[in-house]
Amino acid sequence: MKNIYSNIFSFNKKTLNKSIVNLKKGNVVGLPTETVYGLGGNAYSKIAVKRIFDLKKRPKKNPLIVHYLNYKDADKDVVFNRDFYKLYKRFCPGPITFVLKKKNTSKIQSSVTAKLSTVAIRFPSHRITRSILKKLSFPLAMPSANLSSGISPVNAFDVSDEFKKKIKIIINSGNSKIGIESTVVSLVGKPKILRPGIIGLKTIKKFLKISAMKKSSKISGPGMLKKHYSPGIPVLLNKKKADKNCALITIGKKYKNKINSFNLSKNSDLKEAASNLYKTFRKIKKQGFKKIYVVKIPNHGPGIAINDRLRRASN
Ligand code: AMP
Ligand code: MG
């Protein structure tokens, strides 16, 4: 039998070099990060960026996040401000993305930012992606490694299932620790959270004045699309039970363990629940359920990010 996962590699000197050679050539590589797995390519290369959009079938108006090793590397592309330094000092490297003004002299492809004058940047903490960034002279445009509007991959097998052999290298580093996408913070104009994540509004508020995004705000990024993070089958929220042929996603100890129930966290730990969300969606789909019911998830801490993804999945 052919190995359908022959494009998955464990990380070592050889696969590090192979990744670098490919990235320098303008190819894309599947990489682990602490949030979800990404599809990385040279943010300065037109062809690499086109490959990312084409593979994902991503609408051109959805900008990509650009990944750097540290702020010194990002200095040539974006205009920093005081709020940025405050948050960078506290949370980076880590699961937070900053939208800042792009410098006119920046080499970032205009397709990366969907022709906006701003750019979203992140400094991932994952050891493997950092060791790759260290060897590159360009930053990586890296959206989640899934087809547009679907759910993000949280391990190398998910990535391979999404793109099959259309990508040649996926670096395996087990399950992503956080399991949902980064918090996106706009620092142009009044600070605003554009996409909730594991680093929450309450935590960021300790460092600067910031507001959550209004539901009516104009779409300025992909995570803000109404339909997004969809498992491809209907998702219904705030349910208490489900028919046998539907899956029920639960949390805590209140719900009986049934063959069609999937618990995100027995201890109602919302961080754990977030890390299990996409894994659970994929598991449910693989088992052939036609619908997903979800119980009410507490709306505080990481629960805010979970509910944001659930709402969009249910659209
Ligand atoms: P992902 O598919 O996880 O890479 O999602 C990209 C995220 O980056 C979205 O949630 C957008 O809000 C955000 N984003 C990227 N570029 C920009 C930008 N220039 N302005 C606002 N948001 C952006
Ligand atoms: Mg995505």
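Residues numbered from 1 in each chain as written. Chains lettered and ligands numbered in written order. Predicted model: local features only at pLDDT ≥ 70, side-chain atom pairs only at ≥ 80, totals over all residues. Heavy atoms only, no water.

## Quick notes on the side chain of Thr-250
Its place among the elements puts Thr-250 in strand 14 (residues 247-250). Judged by its relative accessible area of 3%, Thr-250 falls in the buried class. A distance of 3.5 Å separates a polar atom in the side chain of Thr-250 from a polar atom in the side chain of Asn-263. Those residues in contact with Thr-250, other than ones at most four positions away along the chain, are Tyr-255, Ser-261, Phe-262, Asn-263, Leu-264 and Val-295. (Helix = DSSP H or I, 4+ residues; strand = E, 2+ residues; numbered from the N terminus. Buried < 20%, exposed > 50% of the residue type's maximum accessible area, 1.4 Å probe, protein only. Polar contact = N/O pair within 3.5 Å; in protein donor to acceptor, adjacent residues only side chain to side chain. Contact = heavy atoms within 4.5 Å.)

## Concerning the pattern of salt bridges
A side chain of one charge can pair with a side chain of the opposite charge if their charged atoms are brought near each other. All told, the structure shown has 10 salt bridges when counted by the stated rule. Of the charged contacts in the structure, one is a salt bridge between Arg-282 and Asp-158, with a shortest N-O distance of 3.5 Å. Of the two residues, Arg-282 is situated in helix 8 (residues 270-286) and Asp-158 in helix 6 (residues 156-163); the sequence distance between them amounts to 124 residues. Residue class for Arg-282 comes out buried when judged on its relative accessible area of 14%. Between Arg-282 and Glu-162 there is a salt bridge, and its shortest N-O distance comes to 3.1 Å. Taken together, the residues Arg-282 in helix 8 and Glu-162 in helix 6 connect sequence positions 120 residues apart. Via salt bridges that share partners, Glu-181, Asp-308, Arg-309 and Arg-312 belong to a single interconnected network. (Salt bridge = Lys/Arg side-chain N within 4 Å of Asp/Glu carboxyl O.)

## Digging into the packing of aromatic side chains
Aromatic ring pairs are reported here in terms of the distance separating the ring centres and the angle at which the planes meet. What the rule picks out here adds up to 16 aromatic pairs. When the centroid spacing of 6.1 Å and the interplanar angle of 85 degrees are considered together, the rings of Tyr-71 and Tyr-85 count as edge-to-face. Of this pair, Tyr-71 sits in helix 3 (residues 71-74) while Tyr-85 sits in helix 4 (residues 82-91), and the two are 14 residues apart along the sequence. On the basis of relative accessibility, which here comes to 39%, the residue Tyr-85 falls in the partly exposed class. Arranged with centres 4.4 Å apart and planes meeting at 5 degrees, the rings of Phe-80 and Phe-84 form a pair that is stacked. With respect to class, Phe-80 is no different from Phe-84; both count as buried. An aromatic cluster is built from Tyr-68, Tyr-71, Phe-80, Phe-84, Tyr-85, Tyr-88, Phe-98 and Phe-123, whose rings are joined through pairwise contacts. For Arg-309, the ring lying beneath its charged end belongs to Tyr-229, and the centroid distance is 5.2 Å. (Phe/Tyr/Trp six-rings, centres within 6.5 Å; stacked < 30°, edge-to-face > 60°. Lys NZ or Arg CZ within 6 Å of the ring centre and 35° of its normal.)

## A look at the pairing of strand 6 (residues 96-102)
A large share of strand 6 lies buried, amounting to six of its seven residues. Alignment of strand 5 (residues 78-79) against strand 6, held across two bridges, turns out to be antiparallel. By the bridge assignment, Val-78 is partnered in strand 6 with Lys-102. Bridge count for strand 6 against strand 7 (residues 118-122) is five bridges, and the pairing is antiparallel. Across the sheet, Leu-100 pairs through a bridge with Val-119, a residue of strand 7. (Pairing = 2+ DSSP bridges.)

## Brief notes about the pairing of strand 7
Taken across its five residues, strand 7 has five buried, putting it largely inside the fold. By the alternation rule, side chains of strand 7 split into Thr-118, Ala-120 and Arg-122 and Val-119 and Ile-121, which are all buried. Two strands pair when backbone bridges link them, and strand 4 (residues 65-67) and strand 7 are joined in this way by three bridges, in the parallel orientation. In the sheet register, Ile-65 faces strand 7, and the bridge partner there is Ala-120.

## Considerations on unusual backbone geometry
Following Cys-92, the chain continues to Pro-93 via a peptide bond in cis, the omega torsion being 0 degrees. With respect to the helices and strands, Pro-93 occurs in the loop between helix 4 and strand 6. Here the phi dihedral of Lys-115 falls at roughly 65 degrees; this positive angle occurs in a residue that is not glycine. Its location among the elements puts Lys-115 in the loop between strand 6 and strand 7. Note on Lys-115: relative accessible area 74%, which makes it exposed.

## Regarding helix 4
Looking at helix 4, one finds that the buried residues are Asp-83, Phe-84, Leu-87, Tyr-88 and Phe-91. End-on view of helix 4: buried residues confined to an arc of 125 degrees, all on one side of the axis. Away from its buried face by more than 90 degrees, helix 4 exposes Arg-82 and Lys-89. As for helix 4, its buried residues are in contact with helix 3, strand 6, strand 7, strand 10 (183-186) and helix 7 (201-204). (Arc of directions from axis to C-beta.)

## Considering the nonpolar core
Among the nonpolar cores identified, the biggest contains 91 residues, and Phe-84, Phe-98, Ile-121, Phe-123, Ile-204, Phe-281 and Ile-297 are the most heavily contacted of them. Considering every element that reaches this core, the biggest residue donor is helix 8, with seven residues. When residues no more than four places from it in sequence are discounted, the contact partners of Ile-297 are Ile-251, Leu-264, Leu-270, Ile-306, Asn-307 and Leu-310. By size, the runner-up hydrophobic cluster in this structure holds five residues, among which are Ile-65, Val-99, Ala-120 and Val-184. (Core = buried A, V, L, I, M, F, W, Y, C linked by side-chain atoms within 4.5 Å.)

Without other data, these values stay purely geometric and don't point to any function.
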